[in-house]
Every structure is written in structure tokens, then in C-alpha cells.
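A closer look at the structure
Listed below are the residues making up each chain.
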Amino acid sequence: MRRFLSLSSSAALEALAEPLSAILFLVALLTIHLAPVFHYHQFGEAGRLARECGFSALLVFGLILATAAAVRSIGGEIASGTAAAALARPVSRPLFFCAKVAGVSAFFGVFCAAVAAATLLAVLTSETATQLADCCDDHGASRLWATGLACGLFGTLGAFVAAALSNRFARTRFCVGACLLMALGQPLALLAALPFGQDGFAATAAAVPWRILPPLSVLACGCVVFVAFAGALSVRLKPAPTAALVAAAALSSFVWPLRAVLPAIGRFWMVDSLAGGGRVPCAEIVAAVAAAVCLTAFWLVAGSLLLRGRELP
């Protein structure tokens, strides 16, 4: 177990240390927080734009972030000879592969937690702005709740600046610090915005759309399948063809999904069920998570077998 934790933690740390990770963290979170700013007119339900933006950010930026990290962590170490050095010790090849995928999945979990908190705050900002517009008898425009936006932007940009200062004066790793501080800054920003709601802390906390968290978690589970899939392909293929195949598989999952081996994104995209205050049935959530677990296990076994039959440089 110690070897598994050591390998998985090193994979997570390597993923956090990549410059691409810090950039995608920043772009994804800013996109979510700025969505209510451009919602000048009320089209249907308040908060719909911010909610769908959060789900889209998790799917698009999360897939790019996690699959690229899996390819670097597994394929890169095999090509550089680091994997051969690790496997020279009493570490089995299936253990090595599963630990690397687990580490990248843990890194992806940090990103998902940040996106979830940012989405909650963005939706709350949109819905509070609509309430303020109703109080002012201005139904034609969705006004901006400045406090929610300020907290969200400060939790993102402030964390990025804090990581830069820590790198400058404390010699910490900038990308690692930026990703972790931005992830930590999102729930803190949500917590900081609650006392400034229209009806106080308790009423604002009750108005937070917690119902979006289960379907958001389901979408994250679907993305984890692609992480294991990318890791399995990177055992035998170079980064370029691996990235091309993963991108093709992700696109085909929208139109022509290979249900036997990859998730159909339509089954995991449950944001439409949240319209009008709706909730996703528990049975659908459990079924989707179970399917994601089975598919992830399949690719973990496939990747372990592919690694077992490969000669390492």
C-alpha cells in the first residue's frame, strides 16, 4: 500500500506541477465566474447560463487536463525510462499502472472540487442578481450581484497572485501552489459571499443550489473513464496518436458512443434535468456511477495487461 500511495502521490504532484494545469485551472474558473457578467438579458431560468457553463468547463477543460496528465505520467515515464527504474524495485506492473491512474484521478478530483464550488457561487450570483432586479421592478435585465462576482474573482486571481508571491519569496513551486490555492479559494469565496446575501447568511446558504452537485459528480465519473482510457493507450502509443484517439473517442461519445467500452456522454450530461428547479432521480445517478466504475475497471485491467506485455526501454 505504501508503494501504491507513493506512486499515486508522485503522479498527482507531477500533474499539478505542469504549467498547462495552472493555465487551465485559471481559464476554467474565470470562465465560470464571468458567465453571469455577460448575462445581460433574462432568457428563461435565472442561473441557467452559469450552471451549464460550469458543467461545460468540467467536461472540456477537465478532459484536456486529466487526459494530458495521464499521457504524460504513464507514456512519458515509459519513454524516458523512469518506469523501468521504478519497476526494477518490488513493484508490479499492474500496481504501477493503477497507481498512476489513481494519482491523475486524484488531481482531477481537485479540479472537479474547484469547478463545483465555482459553479455554486456563479449560479448563486445569477439567481441573487435576478432577485435584486425583481425588487427594483426591472424584469428585462439580469443585474449583477457584485459581491458574488468579487468573491469569485478574488478567490481565483488572488490565489494566482499569492502563488506567484510564494514562489518569489518562499521558493515554492508556482504551478503546484497556484492549482491548490485556486482550488482552496473557491469554497472560501463561496463561504465569504454568504453573509452578504439579500436575507442574511442562513437564507443565502439555503439558496445555494446544492442539487447540482450529484449530476456534476456523475459527469466527473464519466471523465475518469477517459483518464483510464488515455492511460491504457499511452502504454503502447506515443503522445500524439494517443491524444488523437482520445479526442476522437470523446467526440464520438456524443454522436456514436461505443457503449461497451466508453461512456455515452449523453447519459452523464444531466444538467438539462436541473431546469426549473428539478432534481436528477437517485436511480439515474447510481446507474451512471456504476457504469463509470465498470468501464474504469475495464480500462485499468486492459492497461495493466498492455503494460505487462511490453518491453520497457
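Residues numbered from 1 in each chain as written. Predicted model: local features only at pLDDT ≥ 70, side-chain atom pairs only at ≥ 80, totals over all residues. Heavy atoms only, no water.

**With respect to the overall build of the protein chain**
Within the protein chain, the regular secondary structure consists of 12 helices and 0 strands. Secondary structure elements of the protein chain, listed N to C terminal, follow the sequence α-α-α-α-α-α-α-α-α-α-α-α. Referenced to the eigenvectors of the C-alpha coordinate spread, the extents of the protein chain come out at roughly 70 × 50 × 30 Å. In the protein chain, buried positions account for 49% of the 313 residues. Element-wise, carbon and sulfur atoms account for 70% of the exposed surface of the protein chain, whose accessible area totals about 14200 Å². A gap of 19 Å separates the mean positions of the 20 positive and 13 negative side-chain charges of the protein chain. (Helix = DSSP H or I, 4+ residues; strand = E, 2+ residues; numbered from the N terminus. Buried < 20%, exposed > 50% of the residue type's maximum accessible area, 1.4 Å probe, protein only. Areas by Shrake-Rupley, 256 points an atom, 1.4 Å probe, with all protein chains shown as cover. Lys, Arg positive; Asp, Glu negative; His and termini not counted. Charge placed at Lys NZ, Arg CZ, Asp CG, Glu CD.)

**Side note on the nonpolar core**
Among the nonpolar cores identified, the biggest contains 100 residues, and Phe25, Leu58, Phe108 and Phe111 are the most heavily contacted of them. When neighbours within four sequence positions are excluded, Phe25 is seen to be in contact with Leu65, Phe107, Val110, Phe111, Ala114, Cys179, Met182 and Ala183. (Core = buried A, V, L, I, M, F, W, Y, C linked by side-chain atoms within 4.5 Å. Contact = heavy atoms within 4.5 Å.)

**Some details on the side chain of Thr204**
With respect to the element layout, Thr204 can be found in helix 8 (residues 201-207). Of note is the side chain of Thr204, whose polar atom sits 3.5 Å from the backbone oxygen of Leu194. Each residue touching Thr204, except ones within four places of it in the same chain, is listed here: Leu124, Leu194, Gly197, Gln198 and Asp199. (Polar contact = N/O pair within 3.5 Å; in protein donor to acceptor, adjacent residues only side chain to side chain.)

**Quick look at the environment of Gly231**
If you trace the backbone, Gly231 turns up in helix 9 (residues 213-234). Exposure remark for Gly231: the relative accessible area of 0% places this residue in the buried category. Once the C-alpha coordinates of Gly231 and Gly75 are considered, the two residues, 156 residues apart in sequence, prove to be 7.5 Å apart. Leave out the neighbours within four places in its chain, and Gly231 touches Ala70, Ile74 and Phe97.

**Overview of the pattern of salt bridges**
Side chains bearing opposite charge may pair, as long as their charged atoms lie close to each other. For the structure on display, the rule yields 3 salt bridges. Close ionic contact of Glu77 with Lys100 constitutes a salt bridge, the shortest N to O distance being 2.8 Å. Taken together, the positions of Glu77 in helix 3 (residues 48-80) and Lys100 in helix 5 (residues 93-135) put the pair 23 residues apart, joining distant regions of the chain. The pair formed by Glu77 and Lys100 is uniform in burial state, with each residue classed as buried. (Salt bridge = Lys/Arg side-chain N within 4 Å of Asp/Glu carboxyl O.)

**Observations concerning the packing of helix 9 against helix 12 (residues 282-308)**
Interhelical geometry of helix 9 versus helix 12 gives an angle of 15 degrees and a closest axis separation of 8 Å. Taken together, the axes of helix 9 and helix 12 are roughly parallel relative to one another. As helix 9 runs across helix 12, the sense of the crossing is left-handed. Residues Pro214, Val218, Cys221, Gly222, Val224, Val225, Ala228, Phe229 and Ala232 of helix 9 form the contact with helix 12, whose own contacting residues are Ile285, Ala288, Val289, Ala292, Leu295, Thr296, Trp299, Gly303 and Leu306. (Axes fitted to C-alpha atoms, helices over the stretch in contact; angles between N-to-C directions. Parallel < 35°, antiparallel > 145°, perpendicular 65-115°, else oblique. Left-handed = near helix turned anticlockwise from the far one by under 90°.)

**Thoughts on a nonpolar patch on the surface**
On the surface, Leu181, Leu184, Leu188, Leu191 and Phe201 cluster together to form a nonpolar patch covering roughly 460 Å² of accessible area. When you line up the elements, Leu181 lands in helix 7 (residues 174-193). (Patch = residues over 30% accessible without salt bridge, like charges linked within 9 Å, V, L, I, M, F, W, Y side chains within 5 Å.)

**Examining helix 9**
Spanning 22 residues, helix 9 covers 31 Å between terminal C-alpha atoms, matching the ideal 32 Å at 1.5 Å per step. Most of helix 9 sits out of view: 18 of its 22 residues are buried. (Expected span 1.5 Å × (residues − 1).)

**A word on the packing of aromatic side chains**
Taken as a whole and assessed by the stated rule, the structure comprises 7 aromatic pairs. Where Phe108 meets Phe111, the ring centres are 6.4 Å apart and the plane angle is 25 degrees; that geometry is what we call stacked. A residue pair is termed a helical-turn pair when its members lie 3 or 4 positions apart in one helix, as Phe108 and Phe111 do in helix 5 at 3 residues. For the residue pair Phe108 and Phe111, the accessibility class agrees, reading buried in each case. Taken together, the ring pairs connect Phe25, Phe107, Phe108 and Phe111 into an aromatic cluster. Residue placement shows Arg168 over the ring face of Phe169; its charged tip is 5.3 Å from the ring centre. (Phe/Tyr/Trp six-rings, centres within 6.5 Å; stacked < 30°, edge-to-face > 60°. Lys NZ or Arg CZ within 6 Å of the ring centre and 35° of its normal.)

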